[in-house]
Amino acid sequence: MAQRQSVTVIGAGVIGLSTAFALWRDGHHVTLVERHDTPASGASRANGGQLSYRYVSPLASPSAPREALSWLGRPGSPVALHPNASPAQWVWLAQFLRACTPDRFRMGGQALLTLALESQSELATWRSAGLGGFDWERPGKLILFRDPRSMQRNVANLADPQNQRVLSPDACLELEPAFAALRPRLAGGLFTKGEEVADCHAFCLKLIETMRQSERFRQVQGEASLSRQGTRCIVHVDNRALPSRLVVLAAGLGSRALARQIGLTLPLYPLQGYSLTLTPAPGHLPAVSVTDYDRRVVYARHGTRLRIAAMVDIGQAGPRADANRIAQLRHLAQEALPGAGPYEQAESWIGQRPATPDSVPIIERGPCENLLLNVGHGALGFTLAAGSARRIARLAAQTT
């Protein structure tokens, strides 16, 4: 057993909560700091819920600049750029473009895959120890292709050929008949067994509920700030110092401003995403996890509910643009699953995911001897959360 320490974790989204949970399981005394009165109220609130451990490619790919140009101005486009005058946006975009090389894409993809498989293993450990109640299932993942060229590229680069099957359009619909409306447009599909789904928000609530039963956990609500005292980092909550031996910064996009307080620049930028949650009519709830590849829309079952998520917007465009994006998502869902509505009654969500330019999260020691960083997971926060938490726990065990 590692030396037990007092650890303060800043941030109660899925990354912060998973980190706190891993440290708590290792026997540490954990204080969780969150400025909102409820946990997981931001990017972790209603994300897609696909735990697609073998589909974790970086957004910065060699084809990304070309695809972005082809999507420019197209309603419902998977990625949209909203330029603004912020230097942070242009610095991040320049770093993103530098990451769009074959070598960096390959290295980033391998780093993400390694972390994702660690995460799958760690979540299995937590589940075997009794963690449940968050609509976890292992239905496998079906990727539907409309464009034969997209399908050919993906088939040529299978990540796990032993567990992946190439399917004809008819075989896709035999596996998942809910998407019969897409039959005239389908080129085929890929099915990967063993991929998982779960409700991220319910997962977060279960983590904090479990830790609250222990005297080694406490939750503090308030506005966190950081300062330096010699070689150490000090946490303040509402301007009052919070004693702690170790500090973990896991506050999502808020980590950027907190890091600046101690002279650290984190290369984080918000990738805004959207989702709909509804309870479909009987017979229209997909049995497997589905991705409409050429539309970049994901469909995941959470119990009796359906989560539909899509789109990456770089830069905030304002309420009108947000409403347009939600309307576009409704249209895409209506096209693929016309019987699952009415979509006008679906609960909508808009969340800002903190991403690094190369999509690889920052999980490392900070500039202070007692500071650890767990930030920058982008749209893969839930998928990578448990593995990232385990890495932080290992770093904590090495810190005296």
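Residues numbered from 1 in each chain as written. Predicted model: local features only at pLDDT ≥ 70, side-chain atom pairs only at ≥ 80, totals over all residues. Heavy atoms only, no water.

*Asks:* Would you mind going over the overall build of the protein chain with me for this structure?
*Replies:* A count of helical and extended segments in the protein chain gives ten helices and 20 strands. For the protein chain, the C-alpha atoms occupy an extent of roughly 65 × 50 × 40 Å along the three principal directions. Going through the 400 residues of the protein chain one by one, you find that 54% of them count as buried. Excluding contacts between residues fewer than 6 apart, the proportion of contacts in the protein chain whose partners are at least 24 apart in sequence is 77%. Only carbon and sulfur atoms are counted for the fraction: they give 51% of the accessible area of the protein chain, which is about 17200 Å². (Helix = DSSP H or I, 4+ residues; strand = E, 2+ residues; numbered from the N terminus. Buried < 20%, exposed > 50% of the residue type's maximum accessible area, 1.4 Å probe, protein only. Contact = heavy atoms within 4.5 Å. Areas by Shrake-Rupley, 256 points an atom, 1.4 Å probe, with all protein chains shown as cover.)

*Asks:* Sorry, what's going on with the sheet that holds strand β11 (residues 232-237) here?
*Replies:* The strands making up a sheet associate through backbone hydrogen bonding, with each pair oriented either parallel or antiparallel. Reading across the sheet, the three strands line up as β10-β11-β12 and stay open at both edges, with antiparallel pairing between neighbours. Of all strands in the sheet, those with a lone pairing partner are β10 (224-229) and β12 (240-242), marking the two edges. Neighbour-to-neighbour, the strand axes of this sheet turn through a mean angle of 40 degrees, independent of strand direction. With six bridges connecting them, β10 and β11 associate as antiparallel partners. (Pairing = 2+ DSSP bridges. Axes fitted to C-alpha atoms, helices over the stretch in contact; angles between N-to-C directions.)

*Asks:* Can you help me understand the side chain of Arg307 in this one?
*Replies:* Mapped onto the secondary structure, Arg307 falls in strand β17 (residues 305-314). Buried charge without a partner: Arg307 forms no salt bridge, and the closest opposite charge is Asp199, 4.2 Å away. A distance of 2.5 Å separates a polar atom in the side chain of Arg307 from a polar atom in the side chain of Thr277. (Lys, Arg positive; Asp, Glu negative; His and termini not counted. Salt bridge = Lys/Arg side-chain N within 4 Å of Asp/Glu carboxyl O. Polar contact = N/O pair within 3.5 Å; in protein donor to acceptor, adjacent residues only side chain to side chain.)

*Asks:* So what exactly am I meant to see when it comes to unusual backbone geometry here?
*Replies:* Glycine aside, residues mostly have negative phi, and peptide bonds are mostly found in the trans state. The peptide bond linking Gly341 to Pro342 adopts the cis configuration, its omega dihedral lying at 10 degrees. You can see Pro342 is positioned in the loop between α9 (319-336) and β18 (347-355). Positive phi, normally seen in glycine, also occurs at Asp135, with a value near 55 degrees. Topologically, Asp135 is positioned in the loop between α4 (102-128) and β5 (141-145). Of note in the backbone geometry, Ser359 takes a positive phi value of approximately 75 degrees without being a glycine. Secondary-structure assignment places Ser359 in the loop between β18 and β19 (362-365).

*Asks:* Mind showing me how you'd approach the nonpolar core here?
*Replies:* Where a protein is soluble and globular, its nonpolar side chains tend to be buried together. Residues Val9, Trp126 and Phe203 are the most contacted members of the largest nonpolar core, which totals 48 residues. Those elements that place two or more of their residues in this core are β1 (6-10), α1 (14-25), β2 (29-34), α4, α7 (200-211), β13 (246-249) and α10 (381-397). Examining the composition of this core, we find that nine residues originate from one element, α10, more than from any other. Once you skip the residues sitting within four places of it in the chain, Phe203 turns out to touch Val14, Ser18, Leu123, Trp126, Leu131, Phe134 and Phe382. (Core = buried A, V, L, I, M, F, W, Y, C linked by side-chain atoms within 4.5 Å.)

*Asks:* Explain the packing of aromatic side chains here, please?
*Replies:* Between two aromatic rings, the relevant description is the distance of the centres plus the angle of the planes. Applying the stated criterion to the full structure yields nine aromatic pairs. Between Phe145 and Tyr293 the ring centres are 5.1 Å apart and the planes differ by 45 degrees, which places this aromatic pair in the tilted class. A residue pair is termed long-range when its members are at least 10 positions apart, and Phe145 in strand β5 and Tyr293 in the loop between β15 (289-292) and β16 (297-302) qualify at 148 residues. Phe145 gets classed as buried once you look at its relative accessible area, which sits at 0%. Each member of the aromatic cluster is reached from another via a ring pair, and the members are Phe21, Trp24, Trp126, Phe134, Phe203 and Phe382. Note that Arg127 overlies the ring of Trp136, its terminal NZ or CZ placed 3.4 Å from the centroid. In this structure, Arg296 is placed above the aromatic ring of Tyr293, and the distance from its NZ or CZ to the ring centre is 4.3 Å. (Phe/Tyr/Trp six-rings, centres within 6.5 Å; stacked < 30°, edge-to-face > 60°. Lys NZ or Arg CZ within 6 Å of the ring centre and 35° of its normal.)

*Asks:* Explain the environment of Ile314 to me, please; I cannot follow it from the model alone.
*Replies:* By secondary structure assignment, the location of Ile314 is in strand β17. In sequence terms Ile314 and His28 are 286 residues apart; their C-alpha atoms lie 38 Å from each other.

*Asks:* Help me understand empty space enclosed by the protein, please; the structure alone is not making it clear to me.
*Replies:* The tally for this structure, following the rule as stated, stands at one cavity of 30 Å³ or more. For the largest cavity, the calculated volume is near 30 Å³. If you trace the largest cavity, you find it lined by Tyr53, Ser119, Leu123, Phe203, Phe382, Ala385 and Ala386. Of all the secondary structure elements, the ones that give two or more residues to the lining of the largest cavity are α4 and α10. Of the residues contributing to the lining of the largest cavity, the split by class is six nonpolar, one polar and no charged. (1 Å grid on protein atoms, 1.4 Å probe; cavity = no way out; pocket = protein on both sides within 12 Å on 5 of 7 lines; lining within 4 Å. Points joined across faces, edges and corners; volume = space filled by probe spheres on them. Nonpolar A, V, L, I, M, F, W, Y, C, P; charged D, E, K, R; others polar.)

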